Amino acid sequence: MSTVVLLLFTGVGLGAIYFLVASGLSLIYGLMHVLNFAHGVFLSLGAFLGFEVASRLGATTWTGFAASLLVGALAGALFAALTERLLVQRLYERHIEQVLVTVGLGLAAVALFDGIWGTDPRFITGPAWMGRTTSVLGANVPNDRFVAILVAGLVLLGMVLFLRRTRYGMIIRAGVENRAMVTALGIDVRTAFTLVFTIGGIAAGLGGVLASHYFGYVSPLLGQTLLIFAFIVTVIGGLGSLTGAAIASVVVALLQQFANYYLWGTGDLAVVVLLAVVLLTRPSGLMGRRA
Amino acid sequence: MSPSTPASGTAYRGGARAWVGRLVPPALVLLLACLPLLDLRLPGVLPGPTYTPGTLHLLALAMVMAALALSYHLLLGVAGLLSFGHALYFGLGAYLLGIVMSELELGLVPSVLVVLVAGVVISLLLGAVSLRVTGIPFAMVTLAFAQAGSVLVRRDPGRVTGGEEGLRLPTEQVPDALVGVADTRNLYWLALAALVLAFLLVSWVQGSRAGHVAAAVRENELRVRVLGMRPFLVKLAIFVAASVIAVGMGMVHLLLNSGAVPHIVSAELTISLLLMVVIGGVGSRWGAVAGAVLYVLLNQRLTVLAQAAWVHDLPAPLRIPLSEPMFVLGTLFVLVVLFLPGGLAGTVARVRRWRGRGGPPAGADRLEDVDDEQQAATTGGARR
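Residues numbered from 1 in each chain as written. Chains lettered and ligands numbered in written order. Predicted model: local features only at pLDDT ≥ 70, side-chain atom pairs only at ≥ 80, totals over all residues. Heavy atoms only, no water.

S.K.: Which residues make up the overall build of chain B, and what values do they have?
M.R.: The helix and strand inventory of chain B stands at 16 helices and two strands. The 384 residues of chain B split such that 51% are buried. A fraction of 74% describes how many contacts in chain B between residues 6 or more apart in sequence connect residues 24 or more apart. Carbon together with sulfur atoms contributes 68% to the accessible area of chain B, which is approximately 17,300 Å² in total. (Helix = DSSP H or I, 4+ residues; strand = E, 2+ residues; numbered from the N terminus. Buried < 20%, exposed > 50% of the residue type's maximum accessible area, 1.4 Å probe, protein only. Contact = heavy atoms within 4.5 Å. Areas by Shrake-Rupley, 256 points an atom, 1.4 Å probe, with all protein chains shown as cover.)

Right under this line is the structure:
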């Protein structure tokens with residue numbers, strides 16, 4: 001029983017991190033039809049800068065941790081907004097080229113991080129409470145899981161409120177639904193493009209800081225490794241669907257954890273099998289529109 | 001082969017140029033075949049004289065990658081399928097050949113046949129699943145399958161792939177002529193033969209009915225359906241053909257490097273294929289070859305540059321980017337995508353058009369050029 005509870009919390013915690021990456025990817029794809037291969041490097045940059053700030057302000061203090069989250073989010077947002085403005089927007093409506101540009105940026109940025117921070121993982125320390133465990137139904141759950149779940153929950157709430165309650169959120173939702181119509185109504189969707197990239201960057205930057213605590217290290221390849229699972233999550237959840245991304249990230253992460261524990265470490269393969277099953281039965285994903 | 005133009009001086013000249021054009025590829029192959037016997041030096045491009053094993057190995061690697069890029073061209077350039085999992089088949093060829101030879105103790109030739117059959121079966125299965133979606137979802141699905149393969153190879157559940165260490169070539173099953181540093185020239189000739197074979201195969205597939213229908217599907221799938229053809233089967237055929245060529249190149253790569261490492265199954269390898277094809281020019285066979293050769297040579301030179309003493313003395317903002325080959329290649333790639341649509345092949349075609357402006361069928365000296373140019377124009381146009 002305690003094992004199941006531990007796996008549940010670990011799985012949902014990992015799902016929270018997947019969600020932070022996949023939500024941005026899914027929104028960007030939904031609105032712009034761009035598969036953003038540079039999303040992982042937004043995450044890595046957030047993680048690295050968060051790590052630098054935390055180690056300067058004191059890695060074991062809560063101030064340091066809060067500052068690292070803030071800096072991670074800002075770094076992700078800025079990097080993402082610049083990527084959209086300087087690279088992606090120049091290739092307006094040319095989807096394959098847009099993907100290629102993000103691929104190139106991803107390669108170059110990972111290499112640059114290698115050069116700056118080295119290829120070896122940097123080990124992370126957080127506030128002492130984060131390293132301890134809390135007993136839930138007999139299982140000793142590491143506390144960083146709770147933090148990841150809390151932050152991802154807040155991000156989900158914030159995104160939903162933003163999309164439902166604000167004018168720009170409405171434009172983005174309308175753009176995902178039918179971009180031609182939004183443009184025809186005289187609304188400049190390009191601002192919305194920069195905005196979804198920025199939102200995706202914030203989520204990815206937060207995800208980077210949390211992922212570095214979850215895994216205990218940060219390395220230049222951290223983001224690109226998570227990105228592949230985030231891609232799987234977005235396809236399973238249905239491209240462009242925020243709810244789909246939220247559900248699929250938890251499902252994928254739980255499946256991965258349970259398969260790793262009970263099926264001899266086959267978590268990654270189980271996820272790919274799930275992907276194949278979803279594609280065979282529902283090619284547009286769990287929450288995707290258009291059968 | 002000159003296009004049928006009214007009888008005039010231009011047409012005659014076009015015919016003569018076409019003859020020269022047709023002689024260039026065999027002559028190039030002949031020259032490449034003679035390289036191990038010659039003492040040519042290209043300082044700054046090649047690490048040493050052409051007869052040395054180091055240079056031959058680098059050239060052979062460039063040719064294997066060129067052949068692999070050609071198979072990727074079938075997917076991206078002909079069928080318009082953006083796959084992020086092509087490395088899976090390359091790695092499959094290399095690893096499976098090694099495993100079949102060491103575990104089943106078969107000789108080289110029967111092992112190659114076994115691996116080719118396995119390649120057909122696996123690519124049929126995975127292709128049939130991935131082609132249920134198109135466009136960007138297809139990219140993600142192929143990426144996921146390749147990732148599963150990469151995880152399998154690294155984790156090594158059956159104790160056969162050697163995990164992170166990689167797989168060693170079981171030399172006892174391989175003829176002596178293909179083993180050892182002194183025999184690099186034989187491996188070089190093998191790689192050259194593989195490249196020529198791949199080029200002929202790719203040209204054949206591209207020119208076949210399936211190739212034409214695949215190109216039509218790339219442009220307008222609905223129209224092909226309306227004409228009563230089945231795009232799925234055609235795309236599957238192209239996918240299997242490209243995958244089997246990749247399997248074959250993986251086997252040559254295993255022999256060439258006397259082993260296989262997990263990197264060759266990774267997404268990074270597929271991404272570097274994408275770089276080669278795009279830098280060379282999507283839709284052009286010569287572009288794919290040129291892009292691959294440029295990529296391999298540049299990667300090697302940049303790695304050497306990264307270790308150069310003068311780079312180490314530079315201040316950090318210059319030293320760090322210069323000592324990371326992938327940073328330079330990635331940036332180059334972004335610049336090509338932004339400013340050189342059509343890559344090397346597209347640029348060459350454009351320069352030719354400028355020079356030939358005024359003459360009736362400008363720039364169209366050979367049918368192949370017409371084909372490539374039209375493709376470059378249409379794919380470019382479709383994306384614009």
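S.K.: With reference to specific residues and values, describe the pairing of strand S3 (residues 139-142) of chain A.
M.R.: Residue and element names in this part refer to chain A. The pairing of strand S2 (residues 133-136) with S3 spans four bridges and is classified as antiparallel. Bridging from a neighbouring strand, Ser135 pairs with Asn140 of S3. What sits between the antiparallel neighbours S2 and S3 is a turn of two residues, in which Leu137 has the positive phi angle 50 degrees. (Pairing = 2+ DSSP bridges.)

S.K.: Would you mind going over the interface of chain B and chain A in detail, with residue names and values included?
M.R.: Counting residues at the interface gives 37 residues for chain B, matched by 39 residues for chain A. Of the roughly 3,600 Å² buried at the junction of chain B and chain A (both faces included), carbon and sulfur atoms supply 82%. Run the count over chain B and chain A and you get one salt bridge. A salt bridge links Asp268 of chain A to Arg155 of chain B, with the nearest nitrogen and oxygen atoms 3.4 Å apart. Applying the counting rule to chain B against chain A returns two residue pairs in polar contact (both at pLDDT 80 or more). Put simply, the parts of the chain that give the side of chain B that touches chain A at least two residues each are helix H5 (135-155), helix H10 (267-280), helix H13 (316-322) and helix H14 (325-339) of chain B. (Buried area = accessible area lost by both parts, 1.4 Å probe. Salt bridge = Lys/Arg side-chain N within 4 Å of Asp/Glu carboxyl O. Polar contact = N/O pair within 3.5 Å; in protein donor to acceptor, adjacent residues only side chain to side chain.)

S.K.: So, the packing of H10 of chain B against helix H15 (residues 343-355) of chain B: which residues are in play, and what are the values?
M.R.: Residue and element names in this part refer to chain B. Between H10 and H15, the least distance of the axes is 3 Å, while the angle of their chain directions is 5 degrees. For the element pair H10 / H15, the angle class is roughly parallel. For the pair H10 and H15, contact is made by Val278, Ile279 and Gly280 and by Gly343, Leu344 and Ala345, respectively. Looking at the contact of H10 with H15 residue by residue, the classes come out as four nonpolar, two polar and no charged. (Axes fitted to C-alpha atoms, helices over the stretch in contact; angles between N-to-C directions. Parallel < 35°, antiparallel > 145°, perpendicular 65-115°, else oblique. Nonpolar A, V, L, I, M, F, W, Y, C, P; charged D, E, K, R; others polar.)

S.K.: Which residues make up the pattern of salt bridges, and what values go with them?
M.R.: Residues and elements named next belong to chain B. Applying the stated criterion to the full structure yields nine salt bridges over all chains. Put simply, Glu221 and Lys235 hold a salt bridge, and the shortest N to O gap is 3.4 Å. Of this pair, Glu221 sits in helix H8 (residues 221-226) while Lys235 sits in helix H9 (residues 231-257), placing them 14 residues apart in sequence. Within this structure, Glu221, Arg225 and Lys235 form a network of salt bridges that share partners.

S.K.: I'd like a rundown of the packing of aromatic side chains, residues and numbers included.
M.R.: Counted under the stated rule, the structure contains 16 aromatic pairs over all chains. Across from the ring centre of Tyr214 of chain A, 4.3 Å away, lies the NZ or CZ of Arg145 of chain A, which sits over that ring. (Phe/Tyr/Trp six-rings, centres within 6.5 Å; stacked < 30°, edge-to-face > 60°. Lys NZ or Arg CZ within 6 Å of the ring centre and 35° of its normal.)

S.K.: Can you lay out the nonpolar core for me, pointing to particular residues and giving the numbers?
M.R.: If you look at the biggest cluster of nonpolar residues, it comprises 207 residues, and the most contacted ones within it are Met32 of chain A together with Leu74, Phe84, Met249 and Leu274 of chain B. Looking at which element gives the most residues to this core, the answer is helix H2 (residues 53-78) of chain B, with 18 residues. Those residues in contact with Met249 of chain B, other than ones at most four positions away along the chain, are Val64, Ala67, Leu68, Phe90, Ala194 and Ala198 of chain B. (Core = buried A, V, L, I, M, F, W, Y, C linked by side-chain atoms within 4.5 Å.)

S.K.: Could you give an account of helix H10 (residues 222-237) of chain A, naming the residues involved and the relevant values?
M.R.: For H10 of chain A, built from 16 residues, the straight-helix expectation of 22 Å at 1.5 Å per residue is met to within 8% by its first-to-last C-alpha distance of 22 Å. One or two steps after H10 of chain A, the chain reaches Gly238 of chain A, where phi turns positive at roughly 105 degrees. (Expected span 1.5 Å × (residues − 1).)

S.K.: Go over the confidence of the model for chain B with me, naming the residues and quoting the values.
M.R.: Keep in mind that low pLDDT regions are not for reading the predicted coordinates in detail. For chain B, the mean per-residue pLDDT works out to 82, and 88% of the residues sit at or above 70. Confidence over residues 359-384 of chain B falls short of pLDDT 50; this stretch has 44 contacts with residues more than four positions distant or in other chains. (pLDDT = per-residue confidence, 0-100.)

S.K.: Go over a nonpolar patch on the surface with me, naming the residues and quoting the values.
M.R.: All names here are of chain A. Residues Val4, Leu8, Tyr261, Tyr262, Leu263 and Trp264 make up a contiguous nonpolar surface patch of roughly 660 Å² in combined accessible area. Looking at the nonpolar patch, the elements that each hand over two or more residues are helix H1 (2-32) and helix H11 (242-262). Within the secondary structure layout, Tyr261 lies in helix H11. (Patch = residues over 30% accessible without salt bridge, like charges linked within 9 Å, V, L, I, M, F, W, Y side chains within 5 Å.)

S.K.: Go over the packing of helix H4 (residues 95-117) of chain A against H14 of chain B with me, naming the residues and quoting the values.
M.R.: Closest axis-to-axis distance for the H4 of chain A/H14 of chain B pair is 7 Å, and the angle between their directions is 160 degrees. Classed by the angle they form, the pair H4 of chain A and H14 of chain B counts as roughly antiparallel. Note that H4 of chain A runs across H14 of chain B; the crossing there is left-handed. Residues Glu97, Leu100, Val101, Gly104, Leu105, Leu107, Ala108, Ala111 and Leu112 of chain A of H4 of chain A touch H14 of chain B, and the partners they reach there are Met326, Phe327, Gly330, Thr331, Phe333, Val334, Val337 and Leu338 of chain B. (Left-handed = near helix turned anticlockwise from the far one by under 90°.)

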